[in-house]
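Summary of structural features
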Amino acid sequence: MSAAWTRVSAVAAKDLTAERRAKANIVAVTSLGALTLLVFGFAIGPDVATLRTAAAGILWLSVLFSGVLVFHRSYQIELDGGALETLLLYPGERWEIFAGKLLANLCVVLLVEAIVIPVALVLYHVTVPDTWPSLLAVIVLGTLGFVTLGTFYAAMASRTRSKEVLLPLLLFPMLVPVLLAATEGSAALLSGDPMGDAGAWLRLLVVFDVIFLLAALFVFEHIIEA
Amino acid sequence: MTARAPTVATITASQRWRVLGIIAPLVLIGAQTFGFMTSPPDRDMGDLQKIMYVHVPAAWNAFIAYFIVFVASLRYLFTKDERHDLLAASAAEAGAVLTALTLMLGSIWGRPTWGVWWTWDARLTSTAVLLMIFVGYLALRAFTDDPDRRARWSAAVGIFGALNVPIVYMSVRWWRTLHQVQSSPSTVDPAYAWGLRLNAIAVLLLLSYFIARRYQIALMERRLEHWRDEVALTPGGEPVHA
C-alpha cells in the first residue's frame, strides 16, 4: 500500500510541479472561469434577485468550462514530450498513474475554484450562509466527481483527432448528475436549505463519486496501454 | 491479448439474418394495422394515442440496444475478441436512432397533449442525456483511427455510459417530474395492450435486423482492414492468403 502511495504521490507531484512552473496556464484557466461568470452576468442582466437565483448553476458551469482545459493539459504535456511511454514503462500499476493524475487535477481545479468562487460571490451578490461546512462538502464532492470523469475521459480524448470537441461531448452528458446535485445542493444551502434537501444531493454525490472512482480505477489499465 | 480477425465463416453465417429484413417490415406493417384497427380513440387524446404504438416500442427497444452495448463492451474488455466490439458499435448506432425517434415522437405527442414541445421532466431529460452519451460514444469511434484503441476506448465509454443511466434518471427525477406513468400492457386499457405488445415485437425484429446488418458490414470492413495490413506487410505486395 505504501509503495503504491509513493508512486501515486510521485505522479501527482510531477504533474503539480509542471503546473507550477508553467504558471501562465493556471492563470489563464482561472481567468477563463472568471470571464465565464462575467459574460453569464451580461446574458442574465443586472437584476440582483435573478442573479442570486442563477448563481449556483452559473458557478458550476464556469468550473466545468474552465476545468475541461485542465484535463487536456494533464495528458498533452505527456504527449508533447513523448513522456507517456516512459511513464508507462516504470514499474507499478496503471491505476496508480490514474490516481496520481487525478490527485494533481483535483488540486488544480480546487485552486481554480478557490479564486473563482469568491469572484462569483461578489459578482452575483451572494452571502456565505451559516451552513458553509455543508457547502464546502458539496463543492469538494462535486469537484471530485467532475475530476474523476474528466481525468478518465481526457486520457482517451486527448489522443484522438478533434480532441477539443470530443472531451466536452463525452464528458458533459456524463456529468449531468454531478451538475444537478452540485447546483441544487449549493442553491439549497445558499438559501438556508428551507426544504432540508441538501442532504439527499450530498448522498447522490457520494454515490456517484464512489461508483465512478472505482470504475475508473478498474478500467483505466484498458485505455492507457500505448 | 491479440485481436482475432473475423473469419469468412462468421460473415456467411450472418447472411441468414437477411430473411429478417423481409419479415421485420411485414410484421411491423401488420402490427401497426392491428393497432390502428382494434384501438378505439382515447377519451382524452383521441387518435393521437396511436403514436404510442411507435413511441413506446422504440423506447423499450432503445434500452435493449443499450443493454447489448453494455454486455458486449464488458465481454470485449474480458476477451479482447473484436467481434464483441463490432456488435457493441452496431447496437449503439441502432440504439441512437431509436432514441432519437422516441424523443421526436414524444415531442410531437407532447405538443397537443401537454401544450409544449418539450418539458424538463425526468424521463424526457434523461432520455435526451442518454442520446448525447451515445452520440459521444459514436463520435469517439469516428475520431479514433487505430482499431484496437477504438475498441478498448469505446468499450470503456459504453460501460461508463450504461452505469450512468440509472444515476442520471434518479437525479433528474429528484429534480422534477411530470411524465405520466410509462405505458405498458399492464397500465393501458386492454383494448390497447395487444397492439402495444405486437408493435414492441415488430420493432424488436427491426432492431435485430438493423444490428445484424450493421454488424455484418462492420465485420466486412474489419476484414478488409486486416487484408490491407497483410498486403502492406508482405514483401512483393501479395497477401499470404486473401
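My aim in this report is to walk through the structure given alongside it, one point at a time. (Residues numbered from 1 in each chain as written. Chains lettered and ligands numbered in written order. Predicted model: local features only at pLDDT ≥ 70, side-chain atom pairs only at ≥ 80, totals over all residues.)

Observations concerning the overall build of chain A
Basically, it comes down to this: Helix numbers and strand numbers start at the N terminus; a helix is a DSSP run of H or I with at least 4 residues, a strand a run of E with at least 2. In this description the radius of gyration comes from C-alpha coordinates, and the expected globular size is given by 2.2 Å times residues to the power 0.38. Each residue is classified by how many other C-beta atoms fall within 10 Å of its C-beta atom, where C-beta atoms are placed from the backbone; a count of 20 or more means buried, 12 or fewer means exposed, and values in between mean partly exposed. Once C-beta atoms have been placed from the backbone, residue pairs whose C-beta atoms lie within 7 Å are recorded as contacts.
A count of helices and strands for chain A gives 9 helices and 0 strands. Scanning chain A from its N terminus toward the C terminus, one meets helices and strands in the order α-α-α-α-α-α-α-α-α. A compact globule built from 226 residues would reach a C-alpha radius of gyration of about 17 Å, and chain A, at 18 Å, matches this within 12%. Expressed as a percentage of the 226 residues in chain A, the buried residues total 44%. Here the analysis covers contacts within chain A between residues at least 6 apart in sequence; of these, 84% occur between residues at least 24 apart.

What about the interface of chain A and chain B?
This is how the line gets drawn: Residue polarity is assigned by list, with Asp, Glu, Lys and Arg as charged and Ala, Val, Leu, Ile, Met, Phe, Trp, Tyr, Cys and Pro as nonpolar; anything else, Gly included, falls into the polar class.
Taken together, the contacts link 22 residues of chain A with 23 residues of chain B. Of all the secondary structure elements, the ones that give two or more residues to the side of chain A that touches chain B are α7 (163-174), α8 (176-190) and α9 (198-224) of chain A. Broken down by element, the residue count for the side of chain A that touches chain B peaks at 8 residues, all from α9(A). Of the residues that constitute the side of chain A that touches chain B, the class distribution is 17 nonpolar, 3 polar and 2 charged.

Quick word on unusual backbone geometry
The phi dihedral of His125(A) falls on the positive side, at around 55 degrees, and the residue is not glycine. Checked against the element boundaries, His125(A) lands in the loop between α5 (94-123) and α6 (132-157). In this model, Lys80(B) sits at a positive phi of 60 degrees, which is unusual for a non-glycine residue. Relative to the helices and strands, Lys80(B) is located in the loop between α3 (52-79) and α4 (82-114).

Quick word on the packing of α5(A) against α9(A)
All names here are of chain A. Basically, it comes down to this: In this analysis an axis means a line fitted to C-alpha atoms, helices contributing only their contacting stretch, and an angle means the value between N-to-C directions, from 0 to 180 degrees. Any angle that is under 35 degrees is reported as roughly parallel, and any over 145 degrees as roughly antiparallel; angles of 65 to 115 degrees are reported as roughly perpendicular and all others as oblique.
For the pair α5 and α9, the least separation of the axes is 8 Å and the interaxial angle reads 110 degrees. In terms of axis orientation, α5 runs roughly perpendicular to α9. Between α5 and α9, the contacting residues are Arg94, Trp95, Ile97, Phe98 and Ala99 on the first element and Ala216, Leu217, Phe220, Glu221 and Ile224 on the second. In terms of residue class, the contact of α5 with α9 is built from 8 nonpolar, no polar and 2 charged.

Focus: the environment of Arg52(A)
Among the structural elements, Arg52(A) can be located in helix α3 (residues 48-80). It is 19 Å that separates the C-alpha atoms of Arg52(A) and Ala114(A), two residues lying 62 residues apart in sequence.

Looking at the nonpolar core
Quick note on the threshold: Note on terminology: a nonpolar core is any set of buried Ala, Val, Leu, Ile, Met, Phe, Trp, Tyr and Cys residues joined through C-beta atoms within 7 Å.
With 130 residues, the main nonpolar core has Leu170(A) and Ala91(B) as its most contacted residues. The residues contacting Leu170(A), other than those within four sequence positions of it, are Tyr153(A), Ala157(A), Gly136(B), Leu140(B) and Val157(B).

Points about the packing of α3(B) against helix α6 (residues 147-175) of chain B
Any two packed helices are characterised by how steeply their axes cross, that is the angle between the axes, and by the distance between the axes. Residues and elements named next belong to chain B. Test applied: For any pair of crossing helices, the crossing counts as left-handed if the nearer helix is rotated counterclockwise from the farther one by less than a right angle, and right-handed if it is rotated clockwise.
Packing of α3 against α6 brings their axes to within 8 Å, and their N-to-C directions diverge by 135 degrees. Classed by the angle they form, the pair α3 and α6 counts as oblique. Relative to α6, the crossing made by α3 is left-handed. In this structure, α3 uses Tyr66, Val69, Phe70, Ser73, Leu74, Tyr76 and Leu77 to contact α6, whose residues at the interface are Ala151, Ala155, Gly158, Ile159 and Ala162. A per-class count over the contact of α3 with α6 returns 10 nonpolar, 2 polar and no charged.

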